[in-house]
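Each chain, written out:
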Amino acid sequence: MIRVVFVSILCLVTLVPFAQLEEAHMKAELTAHRARFDTRQFKRTGQKYDLIYHHLKMDIDPGVRYVSGSVVTRLVAEEDNFTLFSLDLDNTMTVDSVTSDLAISYSHLGDEIQISVPSQSKGDILEVEIHYQGDPTQHEEKAFGYFFQPDGPVAWSLSQPYGAIGWWPCKQQLYDKIDSIDISLTVPYGNIGASLGLLTGIDTLADSTQTYHWKHRYPVATYLVAVTVSNFYEESHYIPLSNGDSVYHVDYLYPAYKPQADTLRWNINGMMWAFDSLFGEYPFIKEKYGHVQYGRGGGMEHQTLSSMSNLDYNLMAHELGHMWFGDKVTCATWQDLWLNEGWATYTVSIAHEFARTRESFFNYIRDVQNNALEAEEGSVFAYDTAQRGILFTGNLRYAKGAAVLHQLRWEVGDKAFFEGSRAFLADAELCYGFAHTIDFQEAIEKASGKDLTGFFDRYIY
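Residues numbered from 1 in each chain as written. Predicted model: local features only at pLDDT ≥ 70, side-chain atom pairs only at ≥ 80, totals over all residues. Heavy atoms only, no water.

Examining the sheet that holds strand β19 (residues 305-308)
Strands in a sheet are paired, the pairing made by backbone hydrogen bonds, and the direction either parallel or antiparallel. One open sheet holds the five strands; their spatial order is β15-β16-β17-β19-β18, and the pairing between them is mixed. In the strand order of this sheet, the two ends are held by β15 (233-240) and β18 (299-300), each with one partner. By the bridge criterion, two bridges tie β18 to β19 in an arrangement that is antiparallel. Considered in β19, the bridge of Gly299 is made with Met308. Across the sheet, helix α3 (residues 268-279) is in contact with β15, β16 (246-253) and β17 (289-293); its angle to β15 comes to roughly 40 degrees. Across the sheet, helix α4 (residues 313-322) is in contact with β17, β18 and β19; its angle to β19 comes to roughly 145 degrees. (Pairing = 2+ DSSP bridges. Helix = DSSP H or I, 4+ residues; strand = E, 2+ residues; numbered from the N terminus. Contact = heavy atoms within 4.5 Å. Axes fitted to C-alpha atoms, helices over the stretch in contact; angles between N-to-C directions.)

Written out as structure tokens, the structure is:
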């Protein structure tokens, strides 16, 4: 009895760090996804096309609940006699015009912009520009928000899973990544407009505004595109890697947060070094990795620039881990969400193991396992994605997913586990694309020489 009481007390003590992450991160994500989660992919009118480029241009004042702008969209027809295609935009937003070098017509019906074009052949490239405006906070998922921090207002976006259509015209899905994107944010002077990729220039305009120009040249899933605007201060440095290379790192943070950030931000170095060594080169090494503060709890792994409520160690490691598991290789369906969230949670334990101490690693993984034991009934694999209250539940998809990965590592050994994980991330058919659970299983089977059907049936499915 004394032994049982002791263990229970130990569990309560060591649960604190993971519980804090769950409270600040997982429950925040659950709230973000609760509003309108169902199984539907957007069933567009029209024909199949490959989305190859966007230029998103937006005017954003963080003190005003209204945006205006345009999106240049370039696509490749995937059918002969291509005459009709569509993009997604919530009906609370207004389409002012759609322009093109072609003679086109359009309509905005429900959540869909339907665009008719003269007949095109398979392989032809088309380009249109959609001009739009509206209050993005009217979208029921609240994917675009405003927040007042001590130093001033903040405007931010968080689209996962179905919120992108609430603030910009896009192709919202999990099968066709945007090959490259430019983002131009015009904001009041004294603010910074932060987004994906590299900052290529800042234009100061006559009306006391500035335009921040961002260039991102890696494939990106629609839900990982984001914009954030506030009177941030900027800190940057280069993170050294084990091979002698480095990654440019930048933080956009609230001025009042500077005293904490001056110490906390440096923890990113050890995490990046560990992940880059174990999982392969940082996926966006030619551009950057960074953090931007925003008005929600927890964080979100927006590509190359994670949105963060704070620079908590576990939160930083979780979002950085997503750059490999979720951004470089993205779950192909929301049923496979554990490939994103289970893996990102497990990378936190790896950050403790390789960048801190073995003791902190064992403490964290024990907390993960304890939370997994408390998971709601159900599998790590999400059979019914319509159950929005379950999909992003921390104990099931995050903690249990991470606990299963730790068990798999023990099952096949470190060498096969990390070799297989690197192979999964480097697979030419998956790299900067989408993956199902079976793809990961096959990569570990090949590295280990073991048939893992029983393991995945038992612990994942």
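Some remarks on the nonpolar core
Judged by nonpolar contacts, the single largest core of 135 residues is most densely connected at Met58, Trp168, Phe279, Trp324 and Phe440. No other element matches helix α8 (residues 394-412), which puts eight residues into this core. If we skip the residues at most four places from it in the chain, Trp324 touches Met272, Phe275, Asp276, Phe279, Gly280, Glu281, Tyr282, Pro283, Val329 and Leu425. (Core = buried A, V, L, I, M, F, W, Y, C linked by side-chain atoms within 4.5 Å. Buried < 20%, exposed > 50% of the residue type's maximum accessible area, 1.4 Å probe, protein only.)

Side note on the environment of Val368
Topologically, Val368 is positioned in helix α6 (residues 358-373). According to the relative accessible area criterion, Val368 is buried, its value standing at 0%. Spatially, the C-alpha atom of Val368 lies 9.8 Å from that of His406, the residues being 38 residues apart in sequence.

Considering the packing of aromatic side chains
In this structure the tally under the stated criterion is 36 aromatic pairs. With 5.6 Å between their ring centres and 70 degrees between their planes, Tyr49 and Phe85 make a pair best called edge-to-face. Remark: Phe85 occurs in strand β3 (residues 82-88) and Tyr49 occurs in strand β1 (residues 49-60); sequence separation between them is 36 residues. Given the relative accessible area of 5%, Tyr49 is considered buried. Accessibility expressed as a relative area gives 0% for Phe85, which makes it buried. Ring geometry for Trp343 and Phe440: centres 6.1 Å apart, planes at 85 degrees, overall edge-to-face. Pair noted here: Trp343 is in helix α5 (residues 338-355) and Phe440 is in helix α10 (residues 437-448), with a separation of 97 residues, a long-range link. Phe440 shares its class with Trp343; the two are buried. (Phe/Tyr/Trp six-rings, centres within 6.5 Å; stacked < 30°, edge-to-face > 60°.)

Quick notes on the side chain of Ser379
Among the secondary structure elements, Ser379 is positioned in the loop between α6 and α7 (388-391). Polar contacts involving the side chain of Ser379 include one to the main-chain carbonyl oxygen of Phe381, which spans 2.4 Å. Residues contacting Ser379, with those up to four places away along its chain left out, are Leu396, Arg397, Ile460 and Tyr461. (Polar contact = N/O pair within 3.5 Å; in protein donor to acceptor, adjacent residues only side chain to side chain.)

Structural notes on the pairing of strand β6 (residues 112-120)
Note that β3 and β6 share six bridges and pair antiparallel. Bridge pairing in β6 places Asp88 opposite Glu112. Sheet topology note: the strand β5 (residues 105-109)/β6 ladder contains five bridges and is antiparallel. Pairing of Ser107 across the sheet is with Gln114, part of β6.

Let's talk about the sheet that holds strand β8 (residues 144-149)
Strand order in the open sheet formed by four strands is β8-β9-β14-β11, and the pairing between neighbours is antiparallel. Where the open sheet ends on each side, the last strands, each with one partner, are β8 and β11 (192-194). The average undirected angle you get between the axes of adjacent strands in this sheet is 15 degrees. The sheet contact formed by strand β9 (residues 152-157) and strand β14 (residues 228-230) spans two bridges and is antiparallel.

As for the environment of Asp182
As for its placement among the helices and strands, Asp182 is situated in strand β10 (residues 180-188). In this structure Asp182 comes out as buried when scored by relative accessible area, which is 13%. Sequence separation between Asp182 and Lys215 is 33 residues; the distance between their C-alpha atoms is 4.6 Å. With residues up to four places along the chain from it excluded, the contact list for Asp182 reads Tyr53, His54, His55, Leu56, Trp214, Lys215 and Arg217.

Side note on the packing of α8 against helix α9 (residues 414-426)
The geometry of α8 relative to α9 is characterised by a closest axis approach of 6 Å and an angle of 120 degrees between their N-to-C directions. What the angle tells us is that α8 and α9 run oblique. Between α8 and α9, the contacting residues are Leu405, Leu408, Arg409 and Val412 on the first element and Asp414, Ala416, Phe417 and Phe418 on the second. Split into classes, the residues belonging to the contact of α8 with α9 amount to six nonpolar, no polar and two charged. (Parallel < 35°, antiparallel > 145°, perpendicular 65-115°, else oblique. Nonpolar A, V, L, I, M, F, W, Y, C, P; charged D, E, K, R; others polar.)

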